[in-house]
Amino acid sequence: MRLHPGRVAITTLGVIASTCALVWVVSGYDALVSQFDENANKYLGRYDAIVMSSGGPPGTPPATIGSPLIEALRRDVGVREVNPINGSRVTATRGGDADGTQPASSLGLLIGERPPVNGAPPIGPTLVATPASDPPYEVVDGKWLGSADQAGSAVVGENVAKELQLSVGDELLVTSFGNQVRLKLVGIIEQAPQTPSLGGGRRRGDRTAGGPVAGGPGNGRPGGGRPGIGERSGYGRRPPAINSKSAGTSASETSEIGLPSGFIQGVPTSAIYVRPGVADEINGYSGKPQVLQIALRDTVSSETFREVWEAKFAAHTPPLKLIDFAAVRRGMESSRTVSGQQSQAWAATGMASLAAIFIIFSTLSMGVSERAREFAMLRAVALTRFQVAGIIAVESVVLALLGWGGGLLAGWLMVLVGSRMLPALFSSGAVLGWGSIALSGLTVLAGATAAAILPAWRAMRIKPLEAMSARPVTPNTRWWVVLGAIGFVLSAATPITVFMLPMSDSWRTWCYSFVTYPMLLLGMVLLAPAVVVGCERLCGPFVTRLLRLDQRMMKTQLSSNLWRSVGATLALSVGLGLYASTQTWGYSMLVPFTPGAWLPDALVAFHPVGLEEQDVPLVSQVDGVRADQVIPLAIEQAKFDWGGDAPPSRMRFGDNGIVCGLDPQRAFGGDRPFLDVSFVRGTREAAIDAIENGVGCVVSEDFVMGTGLDLGDEVTFVPPADESQRVRYRIAGVVALPGWQWVTKFSGVRRHFVRTGTLLFANRQRVREDFALERPEFFWLNLEQDADLAKVEADFQAIAERHRGETFVATGVGEVNAYRPFARMTATETVKRAIQMRADDMIWGMSYLPLVTLVIMSLAIANTVIASVRSRTWEFGVMRSIGVTRSQLIRLVFAETSLIAISACMLSLGFGLIAGWCGVGMAQFGGWFAGPPSFLIPWGQLSIGFGITLLLCLIAGLWPAIKTGRAEPLGLLQAGRGSQ
C-alpha cells in the first residue's frame, strides 16, 4: 500500500462507489421498512379497522355491503363510528387552465380528459363517496367537506394534489363513464404514501377476518388508542345475526357494459373525496358501500371486536374480512412498492458484488504479476503455499473493508444531502438502516473473497526458482482457443434451449432460468480471452494506424498480460453487457406491440349508449374524415368456452377475446383493402367468403400460437348477455396483427375485462345478433392528411351528445344515466407516440443501474493502465532514448485503453444480443405473450453505451498517459531498473 498508493486509492474508490450505489438503492427499501408502522397508521387514519369483501381478480368490481349489516354495526355499543364509503374509477385533470392542456405523458396522450377505460391501468385518483362529518385523516390545508349545500366541493389527498399540482380553491375536472363535472377543491388531507396489499390469497397464519393481533386497549396500534366517548360498553353482548346479500343483476337479453373498476382493494391512497350525492351525479347511478371504516371505543380492542364479529363477517354473502392495524402492516410488507424495492435491492446487490469482485481482482491480479519474484523469494526463504495465499487474502479483505467503510460514509452523506436536494432520486424516502449496512458489508466481503481466489491460486503456483527471473510470456495459443471453444458451446446452449429443444413451457422456463442462462454467463467469461486476443489482432492494426503508431508497438501488448487485460474487459462487460441485453430485449419486445401499417388512422367509440342508425352517416360527414374510408364495427368482449378443458397454458392471462364484426369485402377485399393485413395461413378470398357466410372468422397469429388451434377449428364464446348460450366461429384465416394489444387497450373495445387474448374478425350482422348489440358504437376510419385530431374528436363529441340523458345497463350496477355521452377517438399515430414514450421511459429506467455499474467499473481500467505503464517503464525509457516522442508514448497508452474498450464492447455485444434474443423468445412461454419472437438490434441505443465505454477508458488512461509523456528518458530508465 505504501509502494502503490495510487492503485490502492483507485481500488478503494471503486469499492466505495459500488457500496454507495448499493446504499442508494437499498436505502429506499430501508425507508419503506422503517415506515411500516407509520404508514399503517396513516392508512387507517382516525379509524381502527376496515371491513371489506375478499374481492376477485384485478379489475373486477368490488362487492357491496348491505345496509342491514351497517345498521347492526352502528347499534353495537363497542363501535364508536361506522363510515360506509364507495369508490369509483374516474379520470381527473386540473380545470381552469388557460390552455386546458396537461403535461405530456404516454398515458396522458391516450386518456387525457376522456373517461377511464377497462384495458388501461388506473392512472388517476379514485372518487370516494363518504358521509363522514369529520375528516378521516389530518387536514393539511383548507377544510373538510361541509353539508349538502356544498354540492360542488371536493377534498383530495396529498398524493393527488402533488400529482395534479392542485391547491385549495382550484377547479378539478372529474370524468366518469356517465358524466363530466367540475368541482371546487376545498381541502387537502394527509394520506399514506403506499397502498397495502389487502387482496389475494390468504397467507399462512391469517384468519378469515384479518388474522390475529395483539389485544388490549389501543387496538394493537403503536402509540395508543384513538379518542373515544369514554363510555363503558359492557362489551359481552352480541348483536343480532345478519343475513344480507349483495344485490346483483341477472343475465339479460341485451348487451351490458362493464364499468372500469380499480385495481386496489380497501381505502385508496390516491383519492378525491365527495359527498354521496355528488358521486351519484358524477357516476350516473347511486353507489352502494364497498368498504366500512370502523372506529372502536377505547375500551374495546380489535381482538375482542373480531371475536364478536368474525363469524358474522364470514357468513355474510359475499364473505367479508376485517382489516386491522396488523393486517395493514402485513399488507405494507407485501405491497407492490415494497416488492419492487426488494427486486431493485437484489439487483443492486448483484451488481455491487460483481463490481467489488472485478475491481479487487484486477488489483490483486496485477499485484501477483508484479510481485512474482518477491513471492518466489518468500517461498525460497520460509513461507508455505498457503501462507502466500494468505497474504493475498488479507490484502483483499483490507481493501474491501476500506472501501466498505468509505462507502457507508459516502452513502450516509448521499442519503442525508441527496434526499433533501434531489428528492426525485429518492421517491420512497431514504434511510441508512441496518439493511443497507448488513447487505453492503456482506456484498463487499463476498466480492473480496471471490476476487482473491484466482490471484491466490496463481501466487501459490509460483516456484522458488522463479526468484531468479520473472518475465512475462505470451500465453500458449491453445490455452485461449480451448477456453473460447468451451465458452462458445456453453453460450450456444441458451438459444438452443429456447428455440429448438422440445419440452414443456414450465420445464423450458426452469431450464432457462437455472441452467442455460448461468451457462451463458460462464460461456462469456470463458470467451473473454479469445475476444481480447482477437480484438488485439484484428482491431490493433486499425487503432495503431488511426493513432499513427507503429503496429509492432501494440502487436502483443494485451496478450502478453492476458490476465490483466481479461480482468479489465470483464469488469467493463458487467455493466455494458446488461445494458446491451436490456436495450436489445426491450426494443425487440416492442416490435409486436407497435401498431403496424395494417391499422386505419383512428378507431372511434361512441360510449356508453352508442348511436342510432340514422346517426351513422354523420360520422362520414365530419370535417377531416375521408368519407369513403369509414367502416362501422360491431364489437364485444366475451369469454372463451374450452369445452370443459383447462385453458391453454399460454392463454392463462387472456381467457377472453374481442370479437370484431365488420364487412369482410370492404375490410379485406380489393386491390387496396381497408385492413391491409398479411395472411399467415389461409387465403384472403377464402376468408372473405367464410365471413360473408356468417360462419368464418379471421384470428391473430399469436392466438393460434398460444392455443394450438388451426384453420378449420372452432372458437367458442360465452355471450355476456346470455351466459347459457354459446357462439361459435370457424377459423378461416390467420393474420399478423402487430400492435392490436395497445390499440384495444385504450380504445374502449375491452368492454368487460382488463386483459384479453385475441382480436377476432367476423361478420358484422352475425356479431350483432349473437351478442345482442343493438346500436352502432365503433367505427374504423381514415383521416385527411391535414386533419386536426382535436377538432375531429370535438365534432365526434357533438354527435355523441345528441343522446345526452339516455340510460344504459352496466354490469353489477344496473341502469346508469348517461348525462354526458362521449366519443373516444384513438388515433394510431397517437398510440405509436405513447408506446415509444412509455418504452423509452421503461427501458432506460432499467438501464440506469447497468450504466452506473459501467462507470464504477471504469476504475478497474485505470488500475490496468497504471499497472501496464508501470510494467513498461523500462521499455518506455528505451523507446524515448532512441527517438520516440512524448506524443507517441501518450498515444500508445490510449491505444491500449481503446483496445480494452473495443474488447469489452465486442464481448458485451455478443452477450447482449444472445440474452436479448433469448429473453424475447422466452416471452411466448410465460403466458402473457404467445406471438412469434421478433429480433431488433437497437444500434442507436447500443452505440450510446459503447461510446460511454470508450470515453471512460480514455479518461481512465488520461493521467497515466500524461505522466508517462512528461517523464524524462533517464527518469524512465531509472524507475524501470528500480522496478526490476
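Note that this is a predicted model, so its numbers are computed, not measured.

Remarks on the packing of helix α14 (residues 505-538) against helix α17 (residues 562-590)
Logical step 1: Viewed as axis vectors pointing N to C, α14 and α17 meet at an angle of 120°, and their least axial separation amounts to 9 Å. In the packing of α14 onto α17, the handedness of the crossing is right-handed. Note on element contacts: α17 touches α14 through Leu562, Ser565, Val566, Thr569 and Leu570, opposite Met524, Val525, Ala528, Pro529, Val532 and Val533.
Logical step 2: Taken together, the residues that form the contact of α14 with α17 break down as 9 nonpolar, 2 polar and no charged.

What to know about helix α27 (residues 886-923)
Logical step 1: The end-to-end C-alpha distance of α27 is 55 Å, a good match for the 56 Å that 38 residues give at a rise of 1.5 Å each.
Logical step 2: Most of α27 sits out of view: 28 of its 38 residues are buried.

Details of the packing of α27 against helix α28 (residues 939-956)
Logical step 1: It is at 9 Å that the axes of α27 and α28 come closest, and there the two elements cross at 150°. In terms of axis orientation, α27 runs roughly antiparallel to α28. The element α27 and its partner α28 pack so that their crossing is right-handed. In contact with Phe894, Thr897, Ser898, Ala901, Cys905 and Leu909 of α27, α28 contributes Trp939, Leu942, Phe946, Thr949, Leu950, Cys953 and Leu954.
Logical step 2: Residues of the contact of α27 with α28, tallied by class, amount to 10 nonpolar, 3 polar and no charged.

So, a negative patch on the surface
Logical step 1: Taken together, Asp623, Asp628, Glu784 and Asp786 make up a surface patch of like negative charges.
Logical step 2: Within the fold, Asp623 resides in the loop between α18 (616-620) and β13 (625-640).
Logical step 3: The exposure class assigned to Asp623 is exposed, which follows from its relative accessible area of 56%.

Concerning the pattern of salt bridges
Logical step 1: In total, this model carries 24 salt bridges according to the counting rule given.
Logical step 2: The partner of Arg820 in a salt bridge is Glu801, and the shortest N-O contact between them spans 3.8 Å. Residue Arg820 is located in the loop between β22 (814-817) and β23 (822-827), and its partner Glu801 is located in the loop between α24 (789-800) and β21 (807-810); the two are separated by 19 residues in the primary sequence.
Logical step 3: Here Arg820 falls in the buried class, since its relative accessible area comes to 18%.
Logical step 4: For Arg886, the salt bridge goes to Glu968, with nearest N and O atoms at 3.1 Å. Placement of Arg886 in helix α27 and of Glu968 in the loop between α29 (958-966) and α30 (969-979) is noted, with a sequence separation of 82 residues between them.
Logical step 5: A residue is classified by how much of its surface remains accessible, and Glu968, at 47% relative accessible area, is partly exposed.
Logical step 6: Each of Glu38, Lys42 and Glu190 takes part in one network of salt bridges that share partners.

Structural notes on helix α7 (residues 302-315)
Logical step 1: Between its first and last C-alpha atoms α7 spans 19 Å; for 14 residues at 1.5 Å apiece the expected length is 20 Å, and the two agree.
Logical step 2: By the largest-angle criterion, Trp309 marks the main kink of α7, which is about 50°.
Logical step 3: Turning to α7, its buried residues are Ser302, Glu303, Phe305, Arg306, Val308, Trp309, Glu310, Lys312 and Phe313.
Logical step 4: Close packing links the buried residues of α7 with β1 (49-53), α3 (67-75), β2 (79-89), β10 (291-296) and β11 (320-323).

Quick notes on the environment of Leu166
Logical step 1: For Leu166, the position within the fold is in the loop between α5 (158-164) and β7 (171-175).
Logical step 2: Judged by relative accessible area, Leu166 falls into the buried class, the value being 9%.
Logical step 3: Note: C-alpha distance between Leu166 and Val156 (10 residues apart in sequence) is 9.0 Å.
Logical step 4: Ignoring any residue separated from it by four or fewer positions in sequence, one finds Leu166 in contact with Arg94, Val160, Ala161, Glu171, Leu172, Leu185 and Ile188.

Notes on the packing of aromatic side chains
Logical step 1: Under the criterion given, the structure shown has 24 aromatic pairs.
Logical step 2: Measuring from ring centre to ring centre gives 5.9 Å for Trp510 and Phe514, while their planes differ by 40°; the resulting arrangement is tilted. Of this pair, Trp510 and Phe514 both sit in helix α14, 4 residues apart, roughly one helical turn.
Logical step 3: Among the residues examined, Phe514 registers a relative accessible area of 57% and is labelled exposed.
Logical step 4: Centroid distance Phe640 to Phe717: 5.2 Å. Interplanar angle 35°. Geometry classified as tilted. You can see Phe640 sitting in strand β13 and its partner Phe717 sitting in strand β17 (residues 714-718), a full 77 residues away along the chain.
Logical step 5: A residue is classified by how much of its surface remains accessible, and Phe640, at 8% relative accessible area, is buried.
Logical step 6: Ring-pair connections join several aromatic residues into one group, and the members of that group are Trp598, Phe668, Phe679, Phe761 and Trp780.
Logical step 7: Just above the ring of Phe542 sits the side chain of Arg545; from NZ or CZ to the centre is 5.6 Å.

A short note on the pairing of strand β9 (residues 271-274)
Logical step 1: Neither face of β9 is open: one carries Ala271 and Tyr273, the other Ile272 and Val274, and all of them are buried.
Logical step 2: In the sheet, strand β4 (residues 126-129) pairs with β9 via 4 bridges, with the strands oriented parallel. Counterpart to Val128 in the pairing with β9 is Tyr273.
Logical step 3: Alignment of strand β6 (residues 153-157) against β9, held across 2 bridges, turns out to be antiparallel. Looking across to β9, one finds that Val155 is bridged to Tyr273.

A word on the side chain of Thr949
Logical step 1: Along the chain, Thr949 turns up in helix α28.
Logical step 2: Setting aside anything within four residues of it in sequence, one finds Thr949 in contact with Leu572, Leu576, Leu854, Ala901 and Cys905.

With respect to the pairing of strand β12 (residues 602-607)
Logical step 1: The element β12 is extensively covered by neighbouring structure, given that 6 of its 6 residues are classed as buried.
Logical step 2: Of the two faces of β12, the one lined by Ala602, Val604 and Phe606 and the one lined by Leu603, Ala605 and His607 are each fully buried.
Logical step 3: As paired strands, β12 and strand β20 (residues 778-783) are joined by 4 bridges and run antiparallel to one another. In the strand pairing of β20, Val604 is matched with Phe779.
Logical step 4: Pairing geometry for β12 and β23, over 6 bridges, is antiparallel. Residue pairing across strands places Leu603 opposite Thr826, the latter belonging to β23.

Points about the side chain of Ser898
Logical step 1: Counting through the fold element by element, Ser898 comes out in helix α27.
Logical step 2: Residues contacting Ser898, with those up to four places away along its chain left out, are Val543, Leu950 and Leu954.

Here's the deal with the confidence of the model for the protein
Logical step 1: For the protein, mean pLDDT is 81; residues scoring 70 or higher make up 85% of the total.
Logical step 2: Below a pLDDT of 50 lies the segment residues 223-252, which in the model reaches 60 contacts outside its immediate sequence neighbourhood of four places, other chains included.

Side note on the nonpolar core
Logical step 1: Grouped together as the largest cluster of nonpolar side chains are 63 residues, with contacts concentrated most on Leu572, Met857, Ile861 and Leu907.
Logical step 2: If you list the elements that add at least two residues to this core, you get α1 (5-34), α9 (336-370), α14, α17, α25 (828-871), α26 (873-881), α27 and α28.
Logical step 3: With 15 residues, α27 is the largest single contributor of residues to this core.
Logical step 4: In this view, Ile861 contacts Ala568, Leu572, Ile900, Cys953 and Ala956; residues no more than four positions away in its chain are not counted.
Logical step 5: Membership of the second largest hydrophobic core comes to 46 residues, among which are Tyr587, Phe746, Leu759 and Val920.

Basis of the calculations
- Residues numbered from 1 in each chain as written.
- Predicted model: local features only at pLDDT ≥ 70, side-chain atom pairs only at ≥ 80, totals over all residues.
- Heavy atoms only, no water.
- Axes fitted to C-alpha atoms, helices over the stretch in contact; angles between N-to-C directions.
- Helix = DSSP H or I, 4+ residues; strand = E, 2+ residues; numbered from the N terminus.
- Left-handed = near helix turned anticlockwise from the far one by under 90°.
- Contact = heavy atoms within 4.5 Å.
- Nonpolar A, V, L, I, M, F, W, Y, C, P; charged D, E, K, R; others polar.
- Expected span 1.5 Å × (residues − 1).
- Buried < 20%, exposed > 50% of the residue type's maximum accessible area, 1.4 Å probe, protein only.
- Parallel < 35°, antiparallel > 145°, perpendicular 65-115°, else oblique.
- Patch = residues over 30% accessible without salt bridge, like charges linked within 9 Å, V, L, I, M, F, W, Y side chains within 5 Å.
- Areas by Shrake-Rupley, 256 points an atom, 1.4 Å probe, with all protein chains shown as cover.
- Salt bridge = Lys/Arg side-chain N within 4 Å of Asp/Glu carboxyl O.
- Lys, Arg positive; Asp, Glu negative; His and termini not counted.
- Charge placed at Lys NZ, Arg CZ, Asp CG, Glu CD.
- Bend = angle between axes of the 7 residues up to and from the residue.
- Phe/Tyr/Trp six-rings, centres within 6.5 Å; stacked < 30°, edge-to-face > 60°.
- Lys NZ or Arg CZ within 6 Å of the ring centre and 35° of its normal.
- Pairing = 2+ DSSP bridges.
- pLDDT = per-residue confidence, 0-100.
- Core = buried A, V, L, I, M, F, W, Y, C linked by side-chain atoms within 4.5 Å.

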